[in-house]
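Single-letter residue listing:
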Amino acid sequence: MAVRPYWKGYLKLSLVTCPVLMIPAISESEKVRFHTLNRETQNRVESRFVDAVTGKEVKEEDEVKGYQRGEDEYVLLEDEELETVALDSTRTIDISTFTPRDSIEWIWLDTPYYLSPNEPVGEEAFCVIRDAMEAQKMVGISRLVISRRERAVMLEPRGKGIVLWTLRYGDEVRGEAAYFTAASEVKADSEMMPLVQRLIKKLTKDWNPKMVADPVQERLVDIIAAKKKAMKRPAKAKPESSSSQATPNNVINIMDALKKSVAAESRGRK
């Protein structure tokens, strides 16, 4: 099934413009999802907004956004007022800046999207922008309104297309210095280093998407399949072995543990 575009608009660099479409690079559509039901009737339960004081249901036309400025005091903002914010970036990705790709650390990257030409007439302009960034190892920086919020975005050439990453806001990223102070004061033992390096080498594998498979989803699918076969018979969870539940003793000799780990890996690969 073809994926519907998340957004359509224009990619612009100075006087060069081309129509583009954006599709989410990640999907959760394959995840097992549940509905909340009434146990007695097995009908679905609906969520409704209720006034926190009166307890009465609030009609959709009476709902409004409010910014709290004091206790029980709010500044009200209508939908029309919110929609006027950053209108210039709702339909156009105007690249305003270029920066080396390796200058943007991973922690700033939020959500990826695939950006591609939307019409044949814009393919040449799109390819020129993409290939020029690739040749110079640069990424473009722009802004785009997504879900009513203007986001800084990074455009990275990738194969035949461009990956658009939304970037985190500056106040969302915490500096690492305040959290790595304890570890930075400890120097690695010169005798332990070769053992750890050997262990890393023995455990090194090429990347495979199966490394990030979701075992919980797989078990849920199995449980649901069993329930379908026997609707009234509850699925019994398999008890884990005692060995997998054993709590390790944290008071260990690191050097001994490393030697045993390397030895165990060596035996396992013979």
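Not measured: the values here are computed from a predicted model.

1. Brief notes about the overall build of the protein chain
- Helices and strands together make up the secondary structure of the protein chain, namely seven helices and ten strands.
- Within the span of the protein chain, comprising 270 residues, buried residues form 20% of the whole.
- Long-range pairs, those at least 24 residues apart, make up 62% of the contacts in the protein chain with a sequence separation of at least 6.

2. Things to note about the nonpolar core
- One finds Leu11, Met22, Ile93 and Leu155 to be the most contacted residues of the largest nonpolar core, which totals 19 residues.
- Listed by contribution, the elements that provide at least two residues to this core are β1 (7–13), β2 (16–24), β7 (109–117), α2 (123–135), β8 (138–146), β9 (149–158) and β10 (161–167).
- In terms of residue count, the dominant contributor to this core is α2 (four residues).
- If we skip the residues at most four places from it in the chain, Ile93 touches Trp7, Tyr10, Leu11, Lys12, Leu115, Ser142, Arg143, Leu144, Leu155 and Leu164.
- Counting nine residues, the second-largest nonpolar core is a separate cluster that includes Ile104, Val139, Met154 and Leu167.

3. Overview of the environment of Pro120
- By the secondary structure assignment, Pro120 is in the loop between β7 and α2.
- Sequence separation between Pro120 and Cys18 is 102 residues; the distance between their C-alpha atoms is 9.5 Å.

4. Notes on the side chain of Ser142
- Counting through the fold element by element, Ser142 comes out in strand β8.
- Looking at Ser142, the relative accessible area reads 2%, which means it is buried.
- At 2.7 Å, the side chain of Ser142 and the backbone oxygen of Asp94 are in polar contact.
- Not counting chain neighbours up to four residues away, the residues in contact with Ser142 comprise Ile93, Asp94, Ile95, Arg151, Ala152, Val153 and Leu155.

5. Examining the pairing of β1
- Note: β1 against β2, seven bridges, orientation antiparallel. Along β2, the bridge assignment pairs Lys8 with Leu21.
- The turn linking β1 back onto β2 is made up of two residues, and Ser14 within it adopts a positive phi angle of 55°.
- Examined bridge by bridge, β1 and strand β5 (residues 92–94) share three bridges and lie parallel to one another. Following the sheet pairing, Lys12 is matched in β5 by Asp94.

6. Regarding the pairing of strand β4 (residues 73–77)
- Two strands pair when backbone bridges link them, and strand β3 (residues 65–70) and β4 are joined in this way by five bridges, in the antiparallel orientation. The residue bridging Lys65 from the neighbouring strand is Leu77, located in β4.
- Between β3 and β4, which pair antiparallel in sequence order, lie two residues; one of them, Asp72, sits at a positive phi of approximately 55°.

7. Structural notes on the pattern of salt bridges
- Counting across every chain of the model gives eleven salt bridges.
- For Glu150, the salt bridge identified is with Arg143, shortest N-O distance 3.0 Å.
- Residue Glu150 is classed as partly exposed on the basis of its relative accessible area of 28%.
- Here the salt bridges do not stand alone but share partners, grouping Glu46, Arg48 and Glu57 into one network.

8. Topic: a nonpolar patch on the surface
- Among the surface-exposed residues, Val64, Tyr74 and Leu76 lie close enough to one another that they form a single nonpolar patch of about 290 Å² accessible area.
- When you line up the elements, Val64 lands in the loop between β2 and β3.

9. Thoughts on the state of the cysteines
- As enumerated under the stated definition, the model contains zero disulfides in all.
- No disulfide involves Cys18; its sulfur sits 8.9 Å from the nearest other cysteine sulfur, which is in Cys127.
- Looking at Cys127, the relative accessible area reads 27%, which means it is partly exposed.

About the criteria used
- Residues numbered from 1 in each chain as written.
- Predicted model: local features only at pLDDT ≥ 70, side-chain atom pairs only at ≥ 80, totals over all residues.
- Heavy atoms only, no water.
- Helix = DSSP H or I, 4+ residues; strand = E, 2+ residues; numbered from the N terminus.
- Buried < 20%, exposed > 50% of the residue type's maximum accessible area, 1.4 Å probe, protein only.
- Contact = heavy atoms within 4.5 Å.
- Core = buried A, V, L, I, M, F, W, Y, C linked by side-chain atoms within 4.5 Å.
- Polar contact = N/O pair within 3.5 Å; in protein donor to acceptor, adjacent residues only side chain to side chain.
- Pairing = 2+ DSSP bridges.
- Salt bridge = Lys/Arg side-chain N within 4 Å of Asp/Glu carboxyl O.
- Patch = residues over 30% accessible without salt bridge, like charges linked within 9 Å, V, L, I, M, F, W, Y side chains within 5 Å.
- Areas by Shrake-Rupley, 256 points an atom, 1.4 Å probe, with all protein chains shown as cover.
- Disulfide = S-S within 2.5 Å.

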